[in-house]
Amino acid sequence: MLLLAAACIVAFVLLLYMVSPLISPKSLKLPGAHVVVTGGSSGIGKCIAIECYKQGAFITLIARDENKLLQTKKEIEKYSVNDKQVVLCISVDVSKDYEQVENVLKQAQEKLGPVDMLVNCAGTSVTGKFEDIEVNSFERLMAVNYLGSVYPSRAVIATMKERRMGRIVFVSSQAGQLGLFGYTAYSPTKFALRGLAEALQMEVKPYNVYVTVAYPPDTDTPGFAEESKTKPLETKLISETSSVCQAEQVARVIVKDAIQGNFNSSVGSDGYMLSILTSGMSPVTSITEGLQQVVCMGIFRIIGLFYLGSFDSIVRRCMMQREKSESADKTE
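Reading the values: rules and limits
Residues numbered from 1 in each chain as written. Predicted model: local features only at pLDDT ≥ 70, side-chain atom pairs only at ≥ 80, totals over all residues. Heavy atoms only, no water. UniProt positions renumbered as here; feature names shortened; annotations may be inferred. Patch = residues over 30% accessible without salt bridge, like charges linked within 9 Å, V, L, I, M, F, W, Y side chains within 5 Å. Areas by Shrake-Rupley, 256 points an atom, 1.4 Å probe, with all protein chains shown as cover. Salt bridge = Lys/Arg side-chain N within 4 Å of Asp/Glu carboxyl O. Helix = DSSP H or I, 4+ residues; strand = E, 2+ residues; numbered from the N terminus. Buried < 20%, exposed > 50% of the residue type's maximum accessible area, 1.4 Å probe, protein only. Pairing = 2+ DSSP bridges. Axes fitted to C-alpha atoms, helices over the stretch in contact; angles between N-to-C directions. Contact = heavy atoms within 4.5 Å. Lys, Arg positive; Asp, Glu negative; His and termini not counted. Charge placed at Lys NZ, Arg CZ, Asp CG, Glu CD. Parallel < 35°, antiparallel > 145°, perpendicular 65-115°, else oblique. Left-handed = near helix turned anticlockwise from the far one by under 90°. Nonpolar A, V, L, I, M, F, W, Y, C, P; charged D, E, K, R; others polar. Core = buried A, V, L, I, M, F, W, Y, C linked by side-chain atoms within 4.5 Å. Disulfide = S-S within 2.5 Å.

Per an unreviewed UniProt entry, the chain goes by 3-dehydrosphinganine reductase and derives from Rhipidura dahli. Quoted verbatim from the Sequence similarities (unreviewed entry) field of UniProt, the annotation for the chain is "Belongs to the short-chain dehydrogenases/reductases (SDR) family." According to the UniProt record, the Catalytic activity (unreviewed entry) comment for the chain reads "sphinganine + NADP(+) = 3-oxosphinganine + NADPH + H(+)".

Below is the structure:
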């Protein structure tokens, strides 16, 4: 009887693997495609642009710093695979004026054709204790990290639906899956992208347009180096529990998941576990993905509780050390 049950389970799993490719979206072909990358002058955004250019795409780079854009353009053009490829640079703040964002994207589409894939990578970070962070920092981060993704997406979505094809990528963060000490201003903006992505995916899926949310871990970028200068001790100690990834590695994973139409994009074993743990009611790209979530959720929750316990221990230990130090200073 047990053998029969085991055979049925194996047969069911094999059937899911066979059926899964039939219901998954067709991969987007990058050769000749028009890819727009916001925040594309450095870090993960630049590496994503390079990865797409290597595969034959036409690139529109959007960022605020015109000098950085021109330097990045020269760097990307070294990876051309044919003489027809173009890198277009546009200097604009994607978080301030929707009409301006809409106009520059119209200009880009007039030059390079309709946008096949939009990668929303513009973002910034501020770390610190909740009561120490300036109130205007909360407003600024929400504008850049959230509205800076809403505006470009809003500008291209209608054309994608009309063409019945397209990809939209939101680059969130592992801090958009798990709230951590020191990220009270940053985490909510990245969590917001998840809600936007889930609602938008439900709207556009019938039109063969697919949304990807990327959750990169700590990544070796200029932004991460700048952020590390102001991290509280607790945040630094928690960050040490995971390794820092290279931007090129993260970019390859994001591009691969985006062209395949995967909703979740994560890097490494920790990233995979977090994606399973936080899947909730998020869309799945295949039956196989859903099955993995069902099977792994319980054991990953147990592992996750150990992580949370260790994080709480770090915070408590730092608090006690700080109080002891303050008490010693008062007695001197």
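Caption draft 1: Representation of a nonpolar patch on the surface in the model. A cluster of nonpolar side chains, I299, I302, I303 and F306, forms an exposed patch at the surface whose accessible area comes to about 410 Å². Topologically, F306 is positioned in helix 11 (residues 287-331).

Caption draft 2: Main features of the environment of L70. Note on placement: L70 falls in helix 3 (residues 66-77). What makes L70 partly exposed here is its relative accessible area of 41%. Spatially, the C-alpha atoms of L70 and E102 are 22 Å apart, while their sequence positions differ by 32 residues.

Caption draft 3: Inspection of the UniProt feature "coiled-coil region" (unreviewed entry) in the chain at higher detail. Residues given the UniProt feature "coiled-coil region" (unreviewed entry) here are residues 62-111. With 52% helix and 14% strand, the stretch residues 62-111 has end C-alpha atoms that lie 15 Å from each other.

Caption draft 4: Spatial organisation of the UniProt feature "domain: Ketoreductase" (unreviewed entry) in the chain. What UniProt calls "domain: Ketoreductase" (unreviewed entry) maps, in this numbering, to residues 33-218. Span residues 33-218 is 46% helix and 18% strand, its end C-alpha atoms 29 Å apart.

Caption draft 5: Region of the structure containing the sheet that holds strand 5 (residues 166-171). Judged by pairing direction, the sheet is parallel, and its 7 strands sit side by side in the order 3-2-1-4-5-6-9 without closing on themselves. Each end of this open sheet is capped by a strand with a single partner; those strands are strand 3 (87-91) and strand 9 (264-266). Pairs of neighbouring strands in the sheet enclose a mean axial angle of 15°, with direction left out of account. Where strand 1 (residues 34-38) lies against strand 2 (residues 58-63), 5 bridges are found, and the strand directions are parallel. Residue pairing across strands places H34 opposite F58, the latter belonging to strand 2. The sheet strands contacting helix 3 are strand 2 and strand 3, and the helix crosses strand 3 at an angle near 170°.

Caption draft 6: Highlighting a positive patch on the surface. Together, R64, K68, K96 and R140 line one region of the surface with positive charge. If you trace the backbone, R64 turns up in the loop between strand 2 and helix 3.

Caption draft 7: A look at the packing of helix 2 (residues 43-54) against helix 9 (residues 247-260). The interhelical angle for the contact between helix 2 and helix 9, taken along N-to-C directions, is 60°, at an axis separation of 8 Å. Looking at the two axes, helix 2 sits oblique to helix 9. As for how helix 2 packs across helix 9, the hand of that crossing is right-handed. Packed against helix 2, whose contacting residues are G43, I44, C47, I48, E51 and C52, the element helix 9 presents A247, E248, V250, A251, R252, I254 and V255 at the interface. Looking at the contact of helix 2 with helix 9 residue by residue, the class counts come to 9 nonpolar, 1 polar and 3 charged.

Caption draft 8: Highlighting the nonpolar core. Counting residues in each nonpolar core, the largest one holds 34 residues, and the members touching the most others are L30, V35, I48, C52, I59, M117 and V119. Ignoring sequence-local partners within four residues, the contact set of M117 consists of L28, L30, H34, V35, V36, C52, M160, R167, V169, A258 and I259. Ranked by size, the runner-up nonpolar core spans 31 residues in total, among them I90, L118, L193 and L200.

Caption draft 9: Layout of the state of the cysteines. Inspection of every chain in the model, using the stated rule, returns 0 disulfides. The structure places no disulfide on C89, whose sulfur is separated from the nearest cysteine sulfur, that of C52, by 15 Å. C89 sits in the partly exposed class, given a relative accessible area of 24%.

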